[in-house]
Amino acid sequence: MLDKTYRPQEAEQRRYEQWESSSAFAAEVDSNKTPFTIMMPPPNVTGSLHMGHALNHTLQDILVRYRRMRGCDVLWQPGTDHAGIATQMVVERQLEAEGKSRRELGREAFIQRVWEWKAESGGMILRQLRRLGDSADWPRERFTMDEGLSHAVRTVFVRLYREGLIYKDQRLVNWDPKLETAISDLEVQLTEVEGSLWYFKYPIEGEEGTFLTVATTRPETMLGDTGVAVNPEDERYRHLIGKHCILPLVGRRLPIVGDEYADPEQGTGAVKMTPAHDFNDFEVGRRHGLDFVNVLDTRARINDNAPEAYRGLDRFEARKRIVADMEAQGLLEKVERHVHKVPYGDRGGVPIEPYLTEQWYVDAATLAKPAIEAVEQGRTRFEPEAGARTFFEWMRNIQPWCISRQLWWGHQIPAWYGPDRTIFVAMTEEEAKAEAERHYGKAVPLEQDPDVLDTWFSSALWPFSTLGWPERTPELARYYPGDVLVTGWDILFFWVARMMMMGLHFMGDVPFRTVYLHGLVRDQHGQKMSKSKGNIIDPLDLIDKYGADALRFMFASSAALGGRDVKVSEQRVEGYRNFATKLWNAARFAEMNDCVVHAGYDPLRSGHTVNRWILGKVAELAGEVTEALETFRFNEAANALYQFTWGTYCDWYLELIKPILSGENEDLKKETRATAAWVLDQILLLLHPFMPFLTEELAASRGQARGTGLIRASWPELDPSMIDANAADEVDWVIRLVTEIRAVRSEMNVPAGARIQAYLDGANSATLRRLAIHREYILRLARLSAIEPLEGGVPKGAVQVVLGEATVLLPLADVIDMAAERQRLDRELKKIDADIGRIDQKLANPNFVTRAPREVVEEQQERRGELEATRARLAQAVERLAAL
C-alpha cells in the first residue's frame, strides 16, 4: 500500500543504489544494439553542483534514459577535468593555512599534494550528480590527467609539433599578475568600474609648442608607447602622418601612422600605440612595424625598460606618479570621469594585463578549416541553427591558440631544451635525450619546459581519448563519433570548436553528429546569478526540500529549442513537486480502487466511450513526447506530459470514471479499472526520463516492469488505431461544456456551493444525445441542479455561452449581486489598466529600453502580456453582466 505522501528523500537514495548496483547504466560494447553516445562535459574536479550543471545534466540524462528505453546501447561517458588554475589555487590555499607555499614545497612534492587532495576531495561533484539522477556509466569514469588521457595528450602534442601545427611565438596574452600565468578569454570577466580618462599632450618633433593630445585609461602603459595612430581620413591630423611625437618622461620618438583603427569620433581621434600592452595596438604595431616595448614584469611592476624613476613600482602606484609628473610638466590637458569595463581574472581577482611573452601556440586557423567544412556539409548540426552561425563567425576569424600556462598542476609540456635552447619535443625524456644526442653528437643535459598545457587542450581530446585513443579499442570503434553533445553557448568556441578540430584531425570524423546548445540559468527576474547579487540558488537545497524530480522537471519544462535562458525560482520547483504529489495521489486512487491490468486486457477492445477516449489521448501523448524528444524540444515533451497527467488523466478521466467504479456493471468496472491502470503505466513509462525516482517508485509499488524496472523497460510505441475520433469528439464536448460553465462561475463570482440551472438552446440531435448520455457527469462536474434543452424564451438574467451550434444559458440574476459584481470588476479593471499604463511608460522610455538589462525589459513585456490576458477575461465578464 502506497504511503499517503511521497517522500523523495527516502526513495531517491534507495532507487539510485539499486540502479547502480545492478549495472543499469552500463554500456554493452559487445551487444548488437544500436549504439548511442553522449560525452559528459567533464566538470572541474574542484567543482560542486550548481544550477548550470543541474540544467545540463538533466537534459543529458533525459536523452540517455529515453534512448536506453528505445533499445539503444547507451554510453554516457563520465569524468572530470583536472582544472589547472582552480585546483592549484585550492591546494595553495591549504598550504597557506599551514604557513607553507608551493615554492617552499617544490614542484614534485606540490604535485603529489594535489593528487592527495584529489583522492580525498575530488569526487564530490560526481557524488552530487548522482543525487540529481545521472545514469552515467560510472565504472568508465575518466580524469583528464589519468595515465591513459595523459598519454593521449602527449601523443597529440608531439604529432602536431612535428606537423608544424604547434610552435612557439611571442604574442600578447591575457596575463594574470597575481597568479603569474597566461589565462584564456573564458577566465576573464569584464567588470564595469568608475575610472578616469586622462588627456596627455605629446609634443610634435620639430614644432615647438605644438602637441598631439591622446586619451588613456591606463597612464602607466605610456612608458611603452612606440607610436601614435590617426585616421588617414581625419583632416585634423592627416598632415601629421609620417612625422614624430616625442614621448614625455621617456624621450622616445614616436612615429605618427595613419590607420583606420583610429576613430575620429572617439576621444581626440589620436590614439597612443602600446603594442606590447594592448591587443588592438598589437595588430596596429604589426601593420606598421612599430617597436614592441614591454614595461611590466610578471607581477605587473614596472621593469627595467622604463626610466629609472618608475622601476619596481606597482602598476597602479606608477599610474599616480606618471599623472603627477605629466601635470608638473604641463602636459596633462584634462581629466574626465569615465565608466568603462576592466578585464579581471576570474581566479586571481585582479585586473589582467595584455602581456607580451613567449608561449606555445596551436595553428588554429589550419585546424579550423576541416571543422568549418564539416558543419557546412551538415556532418555536425547545431540545435538551434543559430549555433552554426556563431560557430562560423568565430572559426573564420580564429587566432592562434595559446596553449601554455605558467602553472605546476597540469600536463607538463613534453618539450626539452638543450644547452643552446634547441627544442626537442618527444613522448618521453629518454626519447628527447636520444634525439638531442643525435643532434649534438654527444649526450647533453636537457631541461624540460616548466609550463603546463591549457586545460582546454586535454578536454579537446575528450570524445576519443576517453575511449582509449591512440589505441584502437573496441570502445573507440563502437562509440566514436558520438551522437549528441549537450552544452552551453558560453563554451561553444572554447570547447566545442576545439573538439571538432582535434576530432577531425586525429580521427578523420566529427566527434558528434548534433550539438544541442542550451541557455544560461538565471533567477526568476532574468538576472544572472552571482554572489554579489545574493541571488544564487543551490540545487542541492532544492533537491533536499522538493526532490530531484521536481528540479529536473522544472529544467525540462523550461528548455525551449532556441537556447533561451532558463529562469529559476523556488516557487516553480515547488509547483512541480505538487505535480509529483498529484501523480502520487492518482496512483493511490488506482490502488484503492483495485485498478490493475488483468491478464488478457487489450486496450483496443475497450468498449466504453470514456475509456476509448483516454486510450486515444495517451496514444496521442506518446507520439507527441517521442517526436519532441527526437527533435530536442524538451519543454514541449515536458509540458505535454504535465497537461495530460494533471488535466486529462487526473482532473477529467479519474473524475469521469468515479460513477462507473461505484456502479453495478461489473464488466464495465473491470474494463475501466484495467484501462485506468494501463494508462497510468504508460504515463510512468513516458515520464520516467524526466522524473526517474518517482516513476520507478510508483512502478515498483504497482508491480510494473518486474525484474527490469522502468530504467530497462521499453518505450511505449502505441497503436494509432487506439485513437477513436468519435469518442474524442464526444468526451471533449463534455469537457468544453463543463469548462465554459466553470469559467462563467469563476468570472461572475458564483458561490462554490451554489447549484445552478442550465439550458441548451439550438442544440442538434447529436448534441442532445451527448447530453442525455453524459448528463450525470455534467451535473456533478459543473455543479448544476439541472441542464435541459431550452423550451420557450431566454430566461431573464441569463449569461449566454456559445458552444458549437448551441448556446448555453445560465440564469444568474437570482444567484449573484449584479451591482456588486459590476463594482468589483470595475475596480479590478482600473487596477489592471493602471499597471499596464506604468509598464507602457517604462517601455516607451528610450533610456529604460536601452540601458536596462535585456532580461528586465523582457520581463516587463511578459508581465504586460499577462495583464492584457487578465483584462480581456474581466472585460468579457463585464460584457456578460451588461447583457443580463
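Residues numbered from 1 in each chain as written. Predicted model: local features only at pLDDT ≥ 70, side-chain atom pairs only at ≥ 80, totals over all residues. Heavy atoms only, no water.

Caption draft 1: Just the overall build of the protein, in detail. If you tally the helices and strands in the protein, you get 28 helices and 29 strands. With the C-alpha coordinates aligned to their principal axes, the bounding extent of the protein is approximately 110 × 65 × 55 Å. In the protein, buried positions account for 55% of the 884 residues. Residue pairs at least 24 apart in sequence account for 78% of intrachain contacts in the protein once pairs closer than 6 positions are excluded. Counting every atom, the protein has about 38900 Å² of accessible surface; 46% of that belongs to carbon and sulfur. (Helix = DSSP H or I, 4+ residues; strand = E, 2+ residues; numbered from the N terminus. Buried < 20%, exposed > 50% of the residue type's maximum accessible area, 1.4 Å probe, protein only. Contact = heavy atoms within 4.5 Å. Areas by Shrake-Rupley, 256 points an atom, 1.4 Å probe, with all protein chains shown as cover.)

Caption draft 2: Region of interest: the nonpolar core. Membership of the largest hydrophobic core comes to 151 residues, with the highest contact counts inside it found for L551, F555, W613, Y649 and F690. Broken down by element, the residue count for this core peaks at 15 residues, all from helix 21 (residues 634-661). Not counting chain neighbours up to four residues away, the residues in contact with W613 comprise T648, W652, Y653, L656, A727, A728, V731, D732 and I735. Membership of the second largest hydrophobic core comes to 65 residues, among which are A368, I403, A497 and L517. (Core = buried A, V, L, I, M, F, W, Y, C linked by side-chain atoms within 4.5 Å.)

Caption draft 3: Inspection of unusual backbone geometry at higher detail. At the junction of E383 and P384, the peptide bond is cis and its omega measures out at 0 degrees in the coordinates. The omega torsion across Y480 and P481 is 0 degrees, close enough to zero to call that bond cis. Inspection of the secondary structure assignment puts P481 in the loop between helix 15 (474-479) and strand 22 (482-488). The backbone phi angle of A300 is positive, close to 65 degrees, even though this residue is not glycine. Turning to its location among the elements, A300 is positioned in the loop between helix 8 (279-288) and helix 9 (315-328). Of note in this structure, F632 is not a glycine but carries a positive phi near 65 degrees. The residue F632 is located in the loop between helix 20 (609-630) and helix 21 in this model.

Caption draft 4: Quick look at the pattern of salt bridges. Evaluated as defined, the whole model comprises 63 salt bridges. Notably, a salt bridge pairs E697 with R15, separated by 2.6 Å at the nearest N-O pair. Placement of the pair is E697 in helix 23 (residues 692-702) and R15 in helix 1 (residues 8-21), with a sequence separation of 682 residues. Each member of the pair E697 and R15 is classed as buried. Among the salt bridges present, the one from R286 reaches D169, with a minimum N-O distance of 3.9 Å. Here the residue R286 occupies a position in helix 8, and D169 occupies one in strand 5 (residues 166-176), the gap between them amounting to 117 residues. The exposure class assigned to R286 is partly exposed, which follows from its relative accessible area of 44%. For D169, a relative accessible area of 23% translates into the label partly exposed. It is possible to trace a salt-bridge network through shared partners that takes in R67, R70, E630 and E717. (Salt bridge = Lys/Arg side-chain N within 4 Å of Asp/Glu carboxyl O.)

Caption draft 5: Structural context of the packing of helix 21 against helix 25 (residues 765-782). Remark: helix 21 packs on helix 25, axes separated minimally by 10 Å, with the N-to-C direction vectors making an angle of 120 degrees. In terms of orientation, helix 21 and helix 25 fall into the oblique class. Crossing hand, helix 21 versus helix 25: right-handed. In contact with W652, E655, L656, K658, P659 and I660 of helix 21, helix 25 contributes E776, Y777, R780 and L781. (Axes fitted to C-alpha atoms, helices over the stretch in contact; angles between N-to-C directions. Parallel < 35°, antiparallel > 145°, perpendicular 65-115°, else oblique. Left-handed = near helix turned anticlockwise from the far one by under 90°.)

Caption draft 6: Main features of the environment of Y355. Residue position: Y355 is located in strand 14 (residues 353-362). Those residues in contact with Y355 that sit more than four places away from it in its chain are R171, L172, V173, W175, A276, H277, N294, L296, D297 and T298. Polar contacts involving the side chain of Y355 include one to the main-chain amide nitrogen of T298, which spans 3.5 Å. (Polar contact = N/O pair within 3.5 Å; in protein donor to acceptor, adjacent residues only side chain to side chain.)

Caption draft 7: Highlighting helix 12 (residues 429-440). Helix length check: helix 12 (12 residues) gives 16 Å between terminal C-alpha atoms against 16 Å at 1.5 Å per residue, within 8%. One or two residues past the end of helix 12 sits G441, with phi positive at roughly 85 degrees. (Expected span 1.5 Å × (residues − 1).)

Caption draft 8: Molecular detail of the sheet that holds strand 8 (residues 211-216). With antiparallel pairing, three strands are arranged side by side in an open sheet as 8-7-13. Edge positions in the sheet fall to strand 8 and strand 13 (332-345), since each of these pairs with one other strand and no more. Here the strands of the sheet are splayed against their neighbours by 20 degrees on average, with no regard to which way each runs. When strand 7 (residues 188-203) meets strand 13, the two strands line up antiparallel, connected through 13 bridges. By the bridge assignment, L190 is partnered in strand 13 with P343. In the packing of helix 9 onto the sheet, the strands contacted are strand 7 and strand 13, and the crossing angle to strand 7 comes to about 25 degrees. (Pairing = 2+ DSSP bridges.)

Caption draft 9: Looking closely at the state of the cysteines. Evaluated as defined, the whole model comprises zero disulfides. Distance from the sulfur of C595, which forms no disulfide, to the nearest cysteine sulfur (C650) is 12 Å. (Disulfide = S-S within 2.5 Å.)

Caption draft 10: Just the packing of aromatic side chains, in detail. One pass over the structure, following the stated rule, counts 35 aromatic pairs. Aromatic rings pair up to connect F553, Y576, F579, Y642, W646 and F690 into one cluster. Cation over ring: R102 sits above W408, and NZ or CZ is 4.6 Å from the ring centre. Between K201 and the ring centre of F211, over which it is positioned, the NZ or CZ distance is 4.9 Å. (Phe/Tyr/Trp six-rings, centres within 6.5 Å; stacked < 30°, edge-to-face > 60°. Lys NZ or Arg CZ within 6 Å of the ring centre and 35° of its normal.)

Caption draft 11: Representation of the side chain of R252 in the model. You can see R252 is positioned in the loop between strand 10 (244-246) and strand 11 (253-258). Among buried Asp, Glu, Lys and Arg side chains, R252 stands out as unpaired, with D291 the closest opposite charge at 6.3 Å. At 3.2 Å, the side chain of R252 and the backbone oxygen of L223 are in polar contact. (Lys, Arg positive; Asp, Glu negative; His and termini not counted.)

Caption draft 12: Molecular detail of the layout of surface pockets. Approximately 1200 Å³ is the volume attributed to the second largest pocket. As for the second largest pocket, its lining consists of 42 residues, of which T216, T217, R218, D278 and H340 are closest to the centre. For the lining of the second largest pocket, the elements supplying multiple residues, two or more each, are strand 7, strand 8, strand 12 (270-273), helix 8, helix 9, strand 13 and strand 14. A total of seven residues in the lining of the second largest pocket trace back to one element, the largest contributor, which is strand 7. A per-class count over the lining of the second largest pocket returns 17 nonpolar, 15 polar and 10 charged. (1 Å grid on protein atoms, 1.4 Å probe; cavity = no way out; pocket = protein on both sides within 12 Å on 5 of 7 lines; lining within 4 Å. Points joined across faces, edges and corners; volume = space filled by probe spheres on them. Nonpolar A, V, L, I, M, F, W, Y, C, P; charged D, E, K, R; others polar.)

Caption draft 13: Structural view of the pairing of strand 2 (residues 73-77). In terms of burial, strand 2 is largely enclosed, as five of its five residues are buried. Covered by surrounding structure in strand 2 are D73, L75 and Q77 together with V74 and W76, the residues of both alternating faces. Inspection of the sheet shows strand 1 (residues 35-39) paired to strand 2 by five bridges, in the parallel sense. Across the sheet, residue P35 finds its bridge partner in strand 2, namely D73. Assessed by its sense of winding, the connection that carries the chain from strand 1 through helix 2 (residues 51-69) to strand 2 is right-handed. (Right-handed = clockwise from strand over helix to strand, strands pointing away.)

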